[in-house]
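Structural characterization, general
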Amino acid sequence: MGVGRAASIDDLRLRARRRIPRFAFDLVDGGAENERNMRRNIEAFEEIELMPRYMVDASRIDTQVTLFGQRYDAPFGMAPIGMLNAFWPDADLTLAKLCKQRNIPYVASAAASTSLERLAKAADGNGWFQLYVSGDADVTEGLIARAEAAGYSTLVVTADVPAAGKRDRDIRNQLAVPFRITPGVIAGLIANPRWSLETLRHGKPNIANYADLLQNATSYADVQKTLIKPGLTWDDLKRLRARWQGTLLVKGILHPQDAVMCADLGCDGIIVSNHGGRQVAFGPPTIEALPPIGDAVGGRIALLLDSGIRRGADILRAKALGADFVLSGRAFAYGIGAAGPAGADRAFEILELELNRALGQLGVPAFASVEASVLSRAG
Ligand SMILES: Cc1cc2nc3c(=O)[nH]c(=O)nc-3n(C[C@H](O)[C@H](O)[C@H](O)COP(=O)(O)O)c2cc1C
């Protein structure tokens, strides 16, 4: 059945689930602990109603957005995802190229399975680089220098991993570093021969930017230490601001005071994010965290948002509540898992079609003009 018959991001998710072994699917699909935060991200969007207005000429819909001096064709981009080639072979490069083709931003993860240089080339001017500040200052500086040399315009510093998220599904699936073959893994490989063959053909996925450093890692704790500094502080951010000449964003902000600190330290924007509900189960959904942040920073910096975007209307809800732009992680991942490059493109198309339709239905044909007055409770 052609992927064109997938009507929604949820449909793509179900297709991906049928094609990918359980341990690999859960790695992307899962969230922290009992996944309450992950579910709430989606439910909270659904609870926000928008009020359609009719008799407005919506024959021409405009979804273009200018962000940090660059024009994009849609108000959403691809969030950084680590190790995505373990979900579907060549996922990183496929998605970087798709973002270029569709003219939306592609955020390359520090923990991607493809090197930041190759991803910069594929995204060709549309690439941003997401940095995990390492416990080793030389590792951090090495990555920044490489990102600079590769021509990334924007550095995204992820703040919300002071400790690794506890993902119950991964524990149940006995996912380990280095990767171990367990009976569950073998069953998954046999049940999904196409995935297994393709993954074998492309070679074992690794965390490409750190490949040399991780050679001797024997535990997940080792990997985590090399990748991410547990005690990231405002002083680190100050140093990063002084070091990085380009656009600087902080990803993973939920508290209004943290947002104000980012603005005070000269960041260009923040990404209101809870890592797609993968870090904590107890936190708020991002769409609920956004309005107080907007009130606190009062337009001093750009506000981006991710976590839970599954429908075009979610992008409008985010804009109505103060976001300038959104990112999506799993929507694109489900797309590529459902049908490779065609599925990833279908994910883009679904979000774009839904967004265009919703703009017409709302009676606000230009995305840039969406504001709080479209909220049903705005009266
Ligand atoms: C499998 C997976 C890996 C991720 N890896 C990273 C990462 O390396 N760096 C990062 O900042 N965020 C990472 N994230 C979080 C995403 O950037 C983004 O915040 C999240 O996916 C948004 O939620 P959504 O999937 O509901 O759209 C990851 C998310 C997933 C699903």
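Residues numbered from 1 in each chain as written. Predicted model: local features only at pLDDT ≥ 70, side-chain atom pairs only at ≥ 80, totals over all residues. Heavy atoms only, no water.

**Quick word on the overall build of the protein chain**
Tallying secondary structure elements over the protein chain gives 16 helices and ten strands in all. What you see for the protein chain is a C-alpha radius of gyration of 20 Å, in line with the 21 Å of a compact globule of 379 residues. C-alpha atoms of the protein chain, sized along the principal axes, occupy 60 × 55 × 40 Å. The proportion of buried residues among the 379 residues of the protein chain is 55%. (Helix = DSSP H or I, 4+ residues; strand = E, 2+ residues; numbered from the N terminus. Rg over C-alpha atoms; globule rule 2.2 N^0.38 Å. Buried < 20%, exposed > 50% of the residue type's maximum accessible area, 1.4 Å probe, protein only.)

**Comments concerning helix H2 (residues 22-29)**
A large share of H2 lies buried, amounting to six of its eight residues. When H2 is considered as a whole, its buried residues turn out to be Phe23, Ala24, Phe25, Asp26, Val28 and Asp29. For H2, the elements touching its buried residues are helix H1 (9-19), helix H3 (36-47), helix H7 (168-172), helix H8 (183-191), helix H9 (193-202) and helix H16 (330-362). (Contact = heavy atoms within 4.5 Å.)

**Considering a nonpolar patch on the surface**
A contiguous nonpolar patch, built from Ile181, Ile186 and Ile190 and spanning about 320 Å² of accessible area, is present on the exposed surface. As for its position among the elements, Ile190 is in helix H8. Residue classification places Ile190 among the exposed residues on the basis of a relative accessible area of 65%. (Patch = residues over 30% accessible without salt bridge, like charges linked within 9 Å, V, L, I, M, F, W, Y side chains within 5 Å. Areas by Shrake-Rupley, 256 points an atom, 1.4 Å probe, with all protein chains shown as cover. Salt bridge = Lys/Arg side-chain N within 4 Å of Asp/Glu carboxyl O.)

**A short note on the site of the ligand**
In the vicinity of the ligand, 22 residues are found, and the nearest of them are Pro80, Ser109, Thr158, Asp306 and Gly308. For the ligand, a nitrogen atom lies 3.0 Å from a polar atom in the backbone of Gly82. Between the ligand and the protein, one listed contact pairs a nitrogen atom with a side-chain N or O atom of Gln130 at 3.0 Å. Against a free-state accessible area of 600 Å², the protein chains account for coverage of 97% of the ligand. Along the lines of polarity and charge, the residues of the shell around the ligand split into six nonpolar, eleven polar and five charged. (Near = heavy atom within 4 Å. Polar contact = N/O pair within 3.5 Å; in protein donor to acceptor, adjacent residues only side chain to side chain. Nonpolar A, V, L, I, M, F, W, Y, C, P; charged D, E, K, R; others polar.)

**Things to note about the packing of aromatic side chains**
For the structure shown, the criterion picks out seven aromatic pairs. A centroid spacing of 6.2 Å and a plane angle of 65° characterise the contact between Phe68 and Trp128, whose relative ring orientation is edge-to-face. Residue Phe68 is located in the loop between strand E1 (65-67) and strand E2 (70-72), and its partner Trp128 is located in strand E5 (residues 127-131); the two are separated by 60 residues in the primary sequence. Aromatic rings pair up to connect Phe25, Phe87 and Tyr334 into one cluster. The ring of Trp88 has Arg19 lying over it, and the distance from NZ or CZ to the ring centre is 4.2 Å. Over the ring of Phe367 we find Lys319; its NZ or CZ atom is 5.7 Å from the centre of that ring. (Phe/Tyr/Trp six-rings, centres within 6.5 Å; stacked < 30°, edge-to-face > 60°. Lys NZ or Arg CZ within 6 Å of the ring centre and 35° of its normal.)

**A look at the environment of Lys319**
Summarising the element assignment, Lys319 is placed in helix H15 (residues 312-320). Among all residues touching Lys319, those that are not within four sequence positions of it are Phe367, Ala368 and Val370.

**A few points about the pairing of strand E9 (residues 302-305)**
Remark: a regular strand shows side chains that alternate across the two faces of the sheet. Here E9 shows no split at all, with Ala302 and Leu304 on one side and Leu303 and Leu305 on the other all buried. This β-α-β element, strand E8 (residues 269-272) to helix H14 (residues 286-297) to E9, shows right-handed connectivity. Bridge count for E9 against strand E10 (residues 325-328) is two bridges, and the pairing is parallel. Opposite Leu304, over in E10, you have Phe325 as the bridge partner. Note that the unit made of E9, H15 and E10 has a crossover that is right-handed. (Right-handed = clockwise from strand over helix to strand, strands pointing away. Pairing = 2+ DSSP bridges.)

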